[in-house]
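Next come the chains, spelled out residue by residue.
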Amino acid sequence: MSTTFAAWALAHRPDALTLRSTDGVLAFTVRWAACGLFVERVLQRPKAARVVQATVFDTPPSFQRWCDADPARFEYPLLYSKLRRDAAELFAGHADAQAAG
Amino acid sequence: MQMRKPLAELAREPAFSDNVLATIRLLARATDEAQAVDVLAAACEHMGTDAAAFVSFVRDDPSHESFRFLLACDPVWCLEYERRAWYTDDPWLQYSLNHTEPARGEDILPGTAQQRAVVELAAQFDFMSALIVPAPSSGALTRMGVLCLGSSVPAFFNDDGYLALKVLARSLAMELHEWWIARIKNELIASARLTDEDLTLLMHERLGHSTKFIASKLDMSPNSINSRFQRMNAKLGVPNRKSAAQLAAEYGVI
């Protein structure tokens, strides 16, 4: 039995960036949280379970390492490129805010 | 190199339980997944473990099978786990489907080569020793949670501190499970924009009522009932009305 991608699984959040692949299979929600960079990754393959991973990264290298380990980056290179850019901006924005006190 | 304290020593410290319980209580104030991950990470640290993952999933119904992970561990582990689609062959999840009692990873014997591979992968990501804590739902609902606590120390959970930790871990697992269900319920209602009329239809479907019966009860035509169900199925992203009702029940909407 096929499973459709439910819109409600990716509720819009005004404080978050949401990135989706054009085929709707992979999506990310990214935002800065008190404890670091929060990332939610949603994968919905046809005829397979929806898998949602939510975690927080406290440093840019830990986030980069995670991106480098994701096999989906080969299938969705543009999406990953955008994800890395947006995450870098969020980390930089937080660093600037900290420096400004 | 600093020696790691054994669990028994940690559990004897006067503030051990209080610190963990105070952290678990913070979950009631968590308004999103980021805060829930933060609570999970803090509880993990207070318990002296190196890694924690909580997974909420629906069993038995392929129409809306989903796995939601909160990861207070190296998230590369979850990518590997997902890449190999191991959630269907995970001995720790399989254990949790049939048991309510927490168990140490070493007490759950892998039955197949693939199950052994799941455990070996986990061991590479700070789950060298593990405590598996099921968080079941009541009644006919199939959504359940599993908390996995991990340590890079072999046999970390085997000493006298285990009983104290087991109680705390159970509390954490059940609180996370309830938090998830409440979170998903609110998300579902808001995002799918379910109306009172939708909920009435879903309740009829859940009770096994036919289109003809529902139409007569609501003073509507059978075609109209079918159309409403079709629209609702699309909003919920499920293939049929039975799945819609099951989904609504799983998430506490009806």
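Note that the structure is predicted; figures quoted are calculated from it, not measured.

*Asks:* Looking at this model, I keep getting lost on the overall build of chain A. Mind explaining?
*Replies:* Looking only at helices and strands, one finds three helices and four strands in chain A. Listed by position from the N terminus, the elements making up chain A come as β-β-β-β-α-α-α. Sorting the 101 residues of chain A into buried and exposed places 47% on the buried side. A total accessible area of about 4,900 Å² is found for chain A, and carbon and sulfur atoms account for 59% of it.

*Asks:* Any chance you could explain the pattern of salt bridges here in plain terms?
*Replies:* Proximity of charged atoms lets side chains of opposite charge pair with each other. Under the counting rule described, the total for this entry stands at 16 salt bridges over all chains. The salt bridge involving Arg170(B) is made with Glu101(B); its shortest N-O contact spans 3.3 Å. Pair noted here: Arg170(B) is in helix α7 (residues 162-192) and Glu101(B) is in the loop between α5 (91-98) and β3 (103-104), with a separation of 69 residues, a long-range link. Assessed through its relative accessible area of 32%, Arg170(B) is described here as partly exposed. Each of Arg41(A), Asp70(A) and Glu82(B) takes part in one network of salt bridges that share partners.

*Asks:* Just to check I follow, could you spell out helix α3 (residues 33-46) of chain B for this structure?
*Replies:* It helps to recall that an α-helix has 3.6 residues per turn; residues three or four apart then point in one direction. Residue and element names in this part refer to chain B. With 14 residues, α3 extends 20 Å from end C-alpha to end C-alpha; this agrees with the ideal 20 Å at 1.5 Å per step. Among all positions in α3, only Glu-33, Ala-34, Ala-36, Val-37, Val-39, Leu-40, Ala-43 and Cys-44 are buried. Capping the start of α3 is the job of one residue whose side-chain oxygen sits 3.1 Å from the backbone nitrogen of Ala-34: Asp-32. Just past α3, the residue Gly-48 takes up positive phi, approximately 85 degrees.

*Asks:* Just to check I follow, could you spell out the packing of helix α4 (residues 76-83) of chain B against helix α6 (residues 113-123) of chain B for this structure?
*Replies:* Axis angle and axis distance: for two packed helices, these are the angle between their axes and the distance between the axes, and together they describe the pair. Residue and element names in this part refer to chain B. At a closest axis distance of 10 Å, the pairing of α4 and α6 adopts a crossing angle of 160 degrees. The orientation of α4 with respect to α6, classified from their angle, is roughly antiparallel. Where α4 crosses over α6, the handedness of that crossing is right-handed. In contact with Trp-77, Glu-80 and Tyr-81 of α4, α6 contributes Val-118, Leu-121 and Ala-122. Of the residues assigned to the contact of α4 with α6, the class counts are five nonpolar, no polar and one charged.

*Asks:* Just checking my understanding: could you explain the interface of chain B and chain A for this structure?
*Replies:* A common way to state how big an interface is: give the accessible area lost once the parts meet. Each partner contributes to the interface: chain B provides 36 residues, whereas chain A provides 30 residues. Both sides together, the interface formed by chain B and chain A hides about 2,800 Å², and carbon and sulfur atoms give 59% of it. Together, Ala34(B), Leu79(B) and Glu82(B) form the three largest contributors to the area buried by chain B at its contact with chain A, with a combined 20%. At the surface where chain B touches chain A, the tally comes to three salt bridges. Measuring nitrogen to oxygen at the nearest pair gives 2.6 Å for the salt bridge that ties Arg65(A) to Asp74(B). The tally of links between chain B and chain A comes to 10 residue pairs in polar contact (both at pLDDT 80 or more). Only α3, β2 (66-72), α4, α7 and α10 (222-236) of chain B provide two or more residues apiece to the side of chain B that touches chain A.

*Asks:* Explain the pairing of strand β3 (residues 36-44) of chain A to me, please; I cannot follow it from the model alone.
*Replies:* Residues and elements named next belong to chain A. Within β3, nine of the nine residues are buried, leaving the element largely enclosed by the surrounding structure. Between strand β2 (residues 26-33) and β3, which pair antiparallel in sequence order, lie two residues. The sheet contact formed by β3 and strand β4 (residues 50-57) spans eight bridges and is antiparallel. The residue of β4 that forms the bridge with Leu-37 is Phe-57. Between β3 and the antiparallel strand that follows it, β4, lie five residues; Lys-47 among them carries a positive phi value of about 55 degrees.

*Asks:* Mind showing me how you'd approach the nonpolar core here?
*Replies:* A general feature of soluble globular proteins is that nonpolar side chains tend to end up buried together. The biggest cluster of nonpolar side chains holds 59 residues, and the ones touching the most others in it are Leu40(B), Leu70(B), Leu147(B) and Leu236(B). Of the residues forming this core, the biggest block, 12 residues, is contributed by α7(B). If you look at the next biggest cluster of nonpolar residues, it comprises 51 residues, including Val30(A), Leu37(A), Phe57(A) and Leu83(A).

*Asks:* Even after reading the chapter, I still don't get the confidence of the model for chain A, so can you show me in this structure?
*Replies:* Detailed conclusions should not be drawn from predicted coordinates in areas where pLDDT is low. Residue and element names in this part refer to chain A. Looking at chain A as a whole, its pLDDT mean stands at 85, while 86% of the residues score no less than 70. Between the elements of chain A, mean pLDDT differs from a low of 91, seen in strand β1 (residues 17-20), to a high of 96, seen in helix α1 (residues 60-69). Confidence drops under a pLDDT of 50 for residues 1-10, and excluding neighbours within four residues, the segment shows 40 contacts in the predicted structure.

*Asks:* So what exactly am I meant to see when it comes to the sheet that holds β3(A) here?
*Replies:* Strand pairs in the sheet, formed through backbone hydrogen bonds, run parallel or antiparallel to each other. The strand order across the open sheet built from nine strands is β1(A)-β2(A)-β3(A)-β4(A)-β2(B)-β1(B)-β5(B)-β4(B)-β3(B), with neighbouring strands paired in mixed fashion. On the outer flanks of this sheet lie β1 of chain A together with β3 of chain B, each paired with one strand and no other. Looking at chain direction, β2(A) and β3(A) are connected through eight bridges and run antiparallel. Note on β3(A): the bridge partner recorded for Trp32(A) is Leu37(A).

Thresholds applied
Residues numbered from 1 in each chain as written. Chains lettered and ligands numbered in written order. Predicted model: local features only at pLDDT ≥ 70, side-chain atom pairs only at ≥ 80, totals over all residues. Heavy atoms only, no water. Helix = DSSP H or I, 4+ residues; strand = E, 2+ residues; numbered from the N terminus. Buried < 20%, exposed > 50% of the residue type's maximum accessible area, 1.4 Å probe, protein only. Areas by Shrake-Rupley, 256 points an atom, 1.4 Å probe, with all protein chains shown as cover. Salt bridge = Lys/Arg side-chain N within 4 Å of Asp/Glu carboxyl O. Expected span 1.5 Å × (residues − 1). Polar contact = N/O pair within 3.5 Å; in protein donor to acceptor, adjacent residues only side chain to side chain. Axes fitted to C-alpha atoms, helices over the stretch in contact; angles between N-to-C directions. Parallel < 35°, antiparallel > 145°, perpendicular 65-115°, else oblique. Left-handed = near helix turned anticlockwise from the far one by under 90°. Contact = heavy atoms within 4.5 Å. Nonpolar A, V, L, I, M, F, W, Y, C, P; charged D, E, K, R; others polar. Buried area = accessible area lost by both parts, 1.4 Å probe. Pairing = 2+ DSSP bridges. Core = buried A, V, L, I, M, F, W, Y, C linked by side-chain atoms within 4.5 Å. pLDDT = per-residue confidence, 0-100.

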